[in-house]
Amino acid sequence: MATGQPEPEPLRALIDALRGLPGVGVRTARRMAYHLLQSDPDGALRLSDALRDAVDGLQHCERCNSFSQTPICATCLDAERDGSVLCVVETPADQNMIESSHGYQGLYYVLMGHLAPLEGVGPDQVHFARLLQRAADGVVKEVILATNFTAEGETTAYYLADMLRSRGLTVTRLARGVPSGSELEYVDAGTIAWALMERRAS
C-alpha cells in the first residue's frame with residue numbers, strides 16, 4: 001500500500017511549527033507551508049524576519065505585563081489615563097479589543113493566561129502575586145476583571161476577586177453583554193463598550 005512521498009525534514013519542521021498556532025490543524029498547517037514555499041517565498045522570509053525581530057525586540061512592560069519595546073509601555077506612561085482604574089485581561093489581544101471600544105480610559109494588567117487547574121496552571125504560573133503588587137500601589141481604587149466568559153476565565157475572575165477585595169479594592173466584572181463562553185478577542189467593540197459601562201460588582 002502506497003504511503004506517499006515522505007516530506008523533507010525542513011518542510012516537516014515548518015508544518016509542525018505552524019501546527020503550534022491556535023486553531024491550526026495539520027491540514028491547515030500543511031496548506032500554509034506549501035503556500036509560503038511555493039507561492040510566496042519572499043513573504044516567508046519576511047515572516048521569519050518579523051518573528052525573529054518580535055521575539056528579540058519585545059519585552060514585558062514592568063507595570064502592565066503586556067508586550068513593549070521599552071521597560072514601561074506607552075499606555076502606562078500616558079498621563080491622560082485614569083490610574084485609579086485597572087482593567088485585568090487575559091491576553092494583549094483582549095487589551096486591544098477593549099482599546100478599540102474607545103469606552104475605557106484607565107490602565108491595564110495583562111495576565112498572559114488564565115487558571116487551568118486540570119492543565120496544572122495555578123496562581124503561581126499566572127503570576128497573580130505580581131498583579132496584586134501592581135493593584136496595591138495606593139493609586140488603584142477599582143479593578144475591572146475583564147477575563148473571558150469561559151470556564152477558565154470565570155474561575156480566574158472568581159479567584160482574583162477574593163484576593164483583590166481582601167486588600168480593600170473595589171472589584172467589578174464586565175457586564176453580561178459579552179456572551180457566555182465567549183473570548184473578548186472575537187467580540188465586537190460596541191458590545192465591549194457596553195459591557196464596560198454596565199460593569200457590576202464582582
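Structure's up top.
Residue positions within a chain follow its written sequence, with the count starting from 1. In view of the model being predicted, local features appear only for residues whose pLDDT reaches at least 70, and side-chain atom pairs are presented and counted only at 80 or more, with totals across whole chains, interfaces and linings using the full set of residues. Only hydrogens and water are set aside; all other atoms, that is, all heavy atoms of the structure, feed into the side-chain values.

Draft legend 1. How the structure looks around unusual backbone geometry. The backbone phi angle of N65 is positive, close to 75°, even though this residue is not glycine. Working definition: helices are DSSP H or I runs of at least four residues, strands are E runs of at least two. Numbering for both runs from the N terminus. Positionally, N65 belongs in the loop between β1 (59–60) and β2 (67–68). Residue class for N65 comes out buried when judged on its relative accessible area of 8%. Categorising residues by exposure relies on relative accessible area from a 1.4 Å probe, with only protein chains included: less than 20% of the type maximum marks a residue as buried, more than 50% marks it as exposed, and the intermediate range marks it as partly exposed.

Draft legend 2. Local environment of the packing of helix α2 (residues 26–38) against helix α3 (residues 41–57). Direction vectors running N to C along α2 and α3 enclose 110°, while the axes themselves pass 5 Å from each other. Considered as vectors, α2 and α3 are oriented roughly perpendicular to each other. The segment α2 lies against α3, with L36, L37 and Q38 engaging P41, A44 and L47. Partitioned by chemical class, the residues of the contact of α2 with α3 number five nonpolar, one polar and no charged. Helix axes are fitted to C-alpha atoms over the stretch in contact, other axes to C-alpha atoms as well, and angles between N-to-C directions run from 0 to 180 degrees. To sort the angles, those under 35 degrees are grouped as roughly parallel, those over 145 as roughly antiparallel, those from 65 to 115 as roughly perpendicular, and the leftovers as oblique. By definition in these notes, contact holds between two residues if any of their heavy atoms fall within 4.5 Å. Each residue is assigned to one of three groups, with Ala, Val, Leu, Ile, Met, Phe, Trp, Tyr, Cys and Pro labelled nonpolar, Asp, Glu, Lys and Arg labelled charged, and all others, Gly among them, labelled polar.

Draft legend 3. Summary view of the nonpolar core. Core analysis: the largest hydrophobic core is formed by 21 residues, its most contacted members being V88, L111, V143, L145, L160 and L164. Where this core is concerned, the elements lending two or more residues are β3 (82–89), β4 (106–110), α6 (128–135), β5 (142–145) and α7 (151–165). Sorting elements by how many residues they give to this core places α7 first, with five residues. One finds V85, C87, Y104 and L184 within the second-largest nonpolar core, a separate group that totals 15 residues. Among the buried residues, those of types Ala, Val, Leu, Ile, Met, Phe, Trp, Tyr and Cys that are joined through side-chain atoms within 4.5 Å form a nonpolar core.

Draft legend 4. Structural detail: a nonpolar patch on the surface. Patch membership requires over 30% relative accessible area and the absence of a salt bridge. Like charges are linked within 9 Å, and nonpolar side chains (Val, Leu, Ile, Met, Phe, Trp, Tyr) within 5 Å. For the area figures, the Shrake-Rupley method with a 1.4 Å probe applies, and any residue is considered shielded solely by the protein chains shown. What counts as a salt bridge is simple: a side-chain nitrogen of Lys or Arg found within 4 Å of a carboxyl oxygen of Asp or Glu. Taken together, L58, F67 and M112 make up a surface patch of nonpolar side chains, about 260 Å² in accessible area. In this fold, F67 is placed in strand β2. Judged by its relative accessible area of 45%, F67 is partly exposed.

Draft legend 5. Broad picture of α7. To estimate the expected span of a helix, subtract one from its residue number and multiply by 1.5 Å. The end-to-end C-alpha distance of α7 is 21 Å, a good match for the 21 Å that 15 residues give at a rise of 1.5 Å each. For α7, the set of buried residues is G153, T156, A157, L160, A161, M163 and L164. Packing partners of the buried residues in α7 comprise β3, α6, β5 and β6 (170–173).

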